[in-house]
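# Analysis of the macromolecular model
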Amino acid sequence: MTFSWTRVGAIFRKELRDYRRNRFVIFTMSALPLLFIVMTMVQLFALKTSVSSARLNDRIGLSMLYLLIIPTMVPSALTAYSVVGEREQGTLEPVLITPISREEFLVAKALAAFTPTIIIAYALFGVFLSAAELFAHPAVVAAIFERSHVLIQLLFTPLLAGWAIWMGIAISARSTDVRAAQQLAIVASLPPLAVVALMSFNIIPASVPLAITLAAGLLVLDIYGWRAVAAVFDRERLISGRVADGRRGARAGR
Amino acid sequence: MTRRGAAPVSWGTDAPRSGSALVVDHLTKRFGERVAYQDVSFEVGYGEVFGFLGPNGAGKTTMVRTLGTLLAPTSGSATVAGIALSAEAGPQIRARISIMPESPGLYLRLTVAENLECFAGLYELGDVGERVAAVLEAVNLTDRANDLCRTLSKGLRQRVALARALLNDPTVLFLDEPTSGLDPVATRDVHDLITALRDRGVTIFLTTHRLEEAERLCHRVAILNTSLLLIGRPDELRERLFTRAVQVRTRAPLADPRAVFEGLDHVEGWEQSASGTYELHVSDPDAAAPEVARALVAAGADVLSLVESRHSLEDVYLELVDEDVEVRRR
């Protein structure tokens, strides 16, 4: 049976409808980004132009790092619930009984977390740039646009979200408790952000080639993350809590 | 209660051997050391309502999940809706069947229609609106289409789950304890829906604890307690397991019941179950009843009643399961 975007769309639409009516999701999608944009703005407007260029760059790096926490934390919270939450509610089995393949299911879940995350993250980045352009000191604005900060934001927002999504789904598929899954997913989403932080603080000197190289590396990790998730997603384990121990090749994983 | 020796597990006599909706051949499922069910074989014909009975932990739900390709069997083989059971054939099999799990598993923050639209998409159905309207009408829920599922009672949620199971017009419909936890009115509603489906020729595989439900709805039943104990039509099982009997009640105990009952052509044996109450084992109740009545009148007895003893499916079930438990204890 070929990959069906109709089935992906069915789960995707269902997820978005469910998000809209879920207070926890609404809170996660609004409060968390709001907190980080406020912290970013405070950082931005507290900057003194009298400091050295390197120090100014560090402070801008820190303020923009807050923005990158959004595509890391928001999808972690969403995807950590995606499988184990459905399992707890009893809604997973009816879905797995349909012809949907695990690839379709995973892509649908990932897209449903990725889409709002990217919209929120880029929208807030736009708000940040607009506020900087309109209200910040010209030296600060120049520092924002001069270096690789904008490129890092644009490149790493979807890649960090991708990593967080696959980690969240993988942990969710192996967990038996929603809260444990959410905590683990947040921890697992952080390592790539640490690398970006090193670059933002100039511990690793930031440059366009380095940013692109690290982004390519993260893309590779995202691809491997996807494969890892596909490998741990097993219908039998999800339904019975055990892996099939029968004949080889008879796993009910598709 | 007198019983015959339990007949060996056999293929159903009514189901055609070819072109069956389900063919299960020596299927076994183990979870590590624990056996969910073992060496189970049966066939279900197209258009048949097949009851799968058994106590908790007998392996009924695991069997449904295996045939629904959610679990892989440990050994044995099966054909579901004409397709050999395998992991590779999972999507094709799941496109042709439906399973209504014991728990409705609805998205409670979505409306009834939104739930059904989601699943219509998963089955890649055309004319989603029409299809959703048709299944809602089938379960009498058209007026609740826009209600959030969390506002529905348990009985209504079960009907939505049934509507969802009907969306893809399944070749085989698996109903796993469809009336579990429902009140009598909601149970009756679900029974009526199943009866309507049966009358439309839908093949139904029904697991249940409720024996009156199986007796009322199913063409044939199988009794499972990890392994298959018996399979057949409810009346066939009764005949296979119990001798036929006529119960006689007289106003006063008979002075010499042996003289009355022994020697009658159709009476194979008798026993006194209470004062003035006699259980006669007969070959043919219709032939035995007039003969017994004449003998009682000739003996001067005041006959209060003379009726055929009917064993329910529950008697059959309890007899088999109790015996199975005893055998396992030994």
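Residues numbered from 1 in each chain as written. Chains lettered and ligands numbered in written order. Predicted model: local features only at pLDDT ≥ 70, side-chain atom pairs only at ≥ 80, totals over all residues. Heavy atoms only, no water.

### Digging into the overall build of chain B
The test is simple: Secondary structure elements are taken from DSSP: a helix is a run of H or I of four residues or more, a strand is a run of E of two residues or more, and numbering for both begins at the N terminus. Only protein chains enter the accessibility calculation, which uses a 1.4 Å probe; a residue whose area is less than 20% of its type maximum is buried, one above 50% is exposed, and one in between is partly exposed. A contact between two residues is defined here by any heavy atoms of the two lying within 4.5 Å. With residues, only the protein chains shown are counted as cover, and all accessible areas are computed by Shrake-Rupley using a 1.4 Å probe. When charges are counted, Lys and Arg contribute as positive and Asp and Glu as negative, whereas His and the chain ends are disregarded. By convention, charge coordinates are those of NZ in Lys, CZ in Arg, CG in Asp, or CD in Glu.
When its secondary structure is counted, chain B shows 11 helices and 14 strands. Expressed as lengths along the three principal axes of its C-alpha atoms, the size of chain B is roughly 75 × 45 × 35 Å. Considering chain B as a whole, with its 330 residues, one finds that 55% of them fall into the buried category. Contacts in chain B between residues at least 24 apart in sequence constitute 70% of all its contacts with a sequence separation of at least 6. Approximately 13700 Å² of chain B is accessible, and the part contributed by carbon and sulfur atoms is 47%. The distance from the centre of the 36 positive side-chain charges to the centre of the 47 negative ones in chain B is 5 Å.

### Concerning the sheet that holds strand E7 (residues 172-176) of chain B
Residue and element names in this part refer to chain B. This is how it is decided: Two strands form a pair only when DSSP identifies at least two bridges running between them. Every axis corresponds to a line fitted to the C-alpha atoms, with the helix fit spanning only the stretch in contact, and the corresponding angles, defined between N-to-C directions, vary from 0 to 180 degrees.
Spatially, E6-E7-E8-E3-E9-E10 is the arrangement adopted by the 6 strands of the open sheet, whose pairing is mixed. Among the strands making up the open sheet, the edge pair consists of strand E6 (97-100) and strand E10 (227-232). Looking at each pair of strands side by side, their axes are set apart by 15° on average, direction ignored. Summarising the sheet, strand E3 (residues 49-53) and strand E9 (residues 220-225) pair through 4 bridges and their orientation is parallel. Across the sheet, Phe52 pairs through a bridge with Ala222, a residue of E9.

### Focus: a nonpolar patch on the surface
Note the cut-off: Like charges within 9 Å and nonpolar side chains (Val, Leu, Ile, Met, Phe, Trp, Tyr) within 5 Å are joined into patches, using only residues over 30% in relative accessible area that form no salt bridge. The salt bridge criterion pairs a side-chain nitrogen of Lys or Arg with a carboxyl oxygen of Asp or Glu, the two atoms within 4 Å.
The grouping of A:Phe3, A:Trp5 and A:Leu111 at the surface amounts to a nonpolar patch, some 310 Å² of accessible area in total. Within the secondary structure, A:Phe3 is located in the segment before helix H1 (5-20).

### Quick notes on helix H1 (residues 60-67) of chain B
Residues and elements named next belong to chain B. Of all the 8 residues making up H1, 6 are buried; the element is thus mostly covered by neighbouring parts of the structure. What H1 keeps buried is the set Lys60, Thr62, Met63, Val64, Thr66 and Leu67. Where H1 terminates, the next one or two residues include Thr69, which has phi positive at roughly 65°.

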